[in-house]
Amino acid sequence: AEVLKSDGYKTAAFAASFSVDSRFGLAQGFDLYDDNFQENSPFKATNAERRAEQVFELFSTWMDANRDEPFFAWVHFFDPHAPYNPPSPYGEQFAGRPYDGEISYMDYVFGRVMAKLGDRGLLGRTIVVAAGDHGEGLGDKGEWGHGVFLYDETLRVPLILSAPGHLPAGEMVGPRVRLIDIMPTVLDLLNRPAPEGTQGASLVPYIQKKRKADLDVYIETHYPKENFGWAPLTGLIAKSWKYIRAPKEELYDIERDPAETDNRIAAEGKTAREMRDGLDRTVMD
């Protein structure tokens, strides 16, 4: 937002939950940061949120007033989060699977965002990035939500990019990439250099098949410490290995063991040392 605002873009964000409230510093660079979750309320509850359709209506109104200007908008949807309570007809259609119902409902509203851009003649010249921030455990390994562990059921997320005229349609990128790569990718598509010190790498070479090597991924969660007084977890994913630094260390060959059921920390001493050292270097950098 700060980079594009400095280039004359109109910038706006429409937040759906208290977790991204402006008080956490996320409003930097935005002309408008709408986080008024509960109108006429004297305070914000820490679990405050609003449905995707409310977020869309705010975006739609802003879009009507700014469609003739270059713009950057963050449209934040929060519906697929506990407690799962999809609105009708999704609750009925997904009876017994309310999480799936909330995903389907959010997909529908995201379709309205795309339709809005199409109706305004903007879809063919707008970069669209759809990304999830985490998955849900849904009982796998004892976790129903997210944040306690660093397993792939909560770490692997959707990342979809559309840039007509710049990116080919229907391409699947095979190598491992990261959410921190979104910013340099968008700026690359706009022919803008990323600011010095920006984390991540442009994914354009990966989309063009010019680069094929998996990117190393740093992972962490402080949720256990902040909420239960347990140890925080950090880790590194490199090549086919995932290392988790914890009171009881974990090491998985996620290529051969994608379900992460066989902890190889004792059997793979050399790899464990390499992953520990790699994590230390990542944290230092």
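Every chain is numbered on its own, with residues counted from 1 as its sequence reads. Restriction of local features to residues with pLDDT of at least 70 applies here, the model being predicted, together with a cutoff of 80 or more for giving and counting side-chain atom pairs; totals for whole chains, interfaces and linings are based on all residues. Side-chain metrics in this entry use all non-hydrogen atoms of the structure; hydrogen atoms and water are not considered.

**Some points on the overall build of the chain**
Summing up its helical and strand segments, the chain has nine helices and nine strands in all. With the C-alpha coordinates of the chain rotated into their principal frame, the extents come out at 60 × 45 × 35 Å. Whether two residues touch is decided by their heavy atoms; if any such pair falls within 4.5 Å, the residues are in contact. Counting only contacts in the chain whose residues sit at least 6 apart along the sequence, the fraction spanning at least 24 positions is 51%. Here the open area of atoms and residues is found with the Shrake-Rupley method and a 1.4 Å probe, where only the protein chains shown may cover a residue. Surface accessibility of the chain: about 16,500 Å² in total, with carbon and sulfur atoms responsible for 51%. Note on charges: Lys and Arg go in the positive column, Asp and Glu in the negative column, and His and the chain ends are not counted at all. A charged residue contributes its charge at one atom only: NZ of Lys, CZ of Arg, CG of Asp or CD of Glu. Of the side chains in the chain, 32 bear a positive and 45 a negative charge, and the two mean positions are spaced by 4 Å. Helix and strand definitions here come from DSSP, where helices need a minimum of 4 consecutive H or I residues and strands a minimum of 2 consecutive E residues; each element is numbered from the N-terminal end.

**Structural notes on the pairing of strand S9 (residues 250-253)**
Categorising residues by exposure relies on relative accessible area from a 1.4 Å probe, with only protein chains included: less than 20% of the type maximum marks a residue as buried, more than 50% marks it as exposed, and the intermediate range marks it as partly exposed. Covered by surrounding structure in S9 are Glu250 and Tyr252 together with Leu251 and Asp253, the residues of both alternating faces. Relative to S9, strand S8 (residues 241-245) runs antiparallel, the two being bridged by four bridges. Paired with Trp241 across the two strands is Asp253, which belongs to S9. A pair of strands is treated as paired once DSSP finds two or more bridges between them. Here S8 folds back onto S9, and the loop between the two strands holds four residues.

**With respect to the sheet that holds S9**
Judged by pairing direction, the sheet is antiparallel, and its four strands sit side by side in the order S6-S7-S8-S9 without closing on themselves. Looking at the sheet topology across the chains shown, the edges are occupied by strand S6 (217-221) and S9. The average angle at which neighbouring strand axes cross in this sheet is 15°, direction not considered. Bridging between S6 and strand S7 (residues 233-238) involves five bridges; their strand directions are antiparallel. For Val217, the partnering residue across the bridge sits in S7 and is Ile237. To obtain an axis, a line is fitted to C-alpha atoms, over the contacting stretch when the element is a helix, and the angle between two such axes runs from 0 to 180 degrees between their N-to-C directions. Relative to S8, helix H9 (residues 269-284) is tilted by about 70°, and along the sheet it contacts S6, S7, S8 and S9.

**Notes on the packing of helix H2 (residues 52-66) against helix H4 (residues 98-119)**
Where H2 contacts H4, the axes come no closer than 10 Å and their chain directions differ by 10°. In terms of axis orientation, H2 runs roughly parallel to H4. Of the residues in H4, those in contact with Ala52, Glu53, Phe56, Glu57, Phe59, Ser60, Met63 and Asp64 of H2 are Tyr105, Tyr108, Val109, Arg112, Val113, Lys116 and Leu117. Per-class residue counts for the contact of H2 with H4 are nine nonpolar, one polar and five charged. Oblique is the label for any angle not covered by the other classes, which are roughly parallel (under 35 degrees), roughly antiparallel (over 145) and roughly perpendicular (65 to 115). Following the grouping adopted for this structure description, the nonpolar residues are Ala, Val, Leu, Ile, Met, Phe, Trp, Tyr, Cys and Pro, the charged ones are Asp, Glu, Lys and Arg, and the polar ones are all others, Gly among them.

**Side note on the packing of aromatic side chains**
Aromatic pairs are defined between Phe, Tyr and Trp rings, using the six-membered ring for Trp, whenever the two ring centres lie within 6.5 Å; interplanar angles under 30 degrees are classed as stacked, those over 60 as edge-to-face, and all others as tilted. Counting across every chain of the model gives 14 aromatic pairs. Consider the rings of Trp62 and Phe71, whose centres lie 6.0 Å apart with planes at 75°: the pair is edge-to-face. Like Trp62, the residue Phe71 is buried in the burial classification. Just above the ring of Tyr151 sits the side chain of Lys141; from NZ or CZ to the centre is 5.0 Å. The criterion for a charge sitting over a ring is simple: Lys NZ or Arg CZ within 6 Å of the ring centre, and within 35 degrees of the ring normal.

**Observations regarding the sheet that holds strand S1 (residues 10-14)**
Taken in spatial order, the three strands make up an open sheet running S2-S1-S3, and their pairing is parallel. Strands with a single pairing partner mark the edges of an open sheet, and in this sheet they are strand S2 (32-34) and strand S3 (71-75). The average angle at which neighbouring strand axes cross in this sheet is 5°, direction not considered. Strand direction decides the pairing type here: S1 and S2, joined by three bridges, are parallel. Each bridged residue has a counterpart across the sheet, and for Ala12 the counterpart in S2 is Leu32. In the packing of H2 onto the sheet, contacts are made with S1, S2 and S3, and the angle to S1 comes to roughly 165°.

**What to know about the pattern of salt bridges**
When a carboxyl oxygen of Asp or Glu is within 4 Å of a side-chain nitrogen of Lys or Arg, the pair counts as a salt bridge. For the structure on display, the rule yields 22 salt bridges. Of the charged contacts in the structure, one is a salt bridge between Arg192 and Asp7, with a shortest N-O distance of 2.4 Å. Of the two residues, Arg192 is situated in the loop between helix H6 (182-189) and helix H7 (204-207) and Asp7 in the loop between helix H1 (2-6) and S1; the sequence distance between them amounts to 185 residues. Under the relative-accessibility criterion, Arg192 is labelled partly exposed at 24%. Classification of Asp7 as partly exposed rests on a relative accessible area of 39%.

Everything listed here is a matter of coordinates, which is why it stays silent on function.
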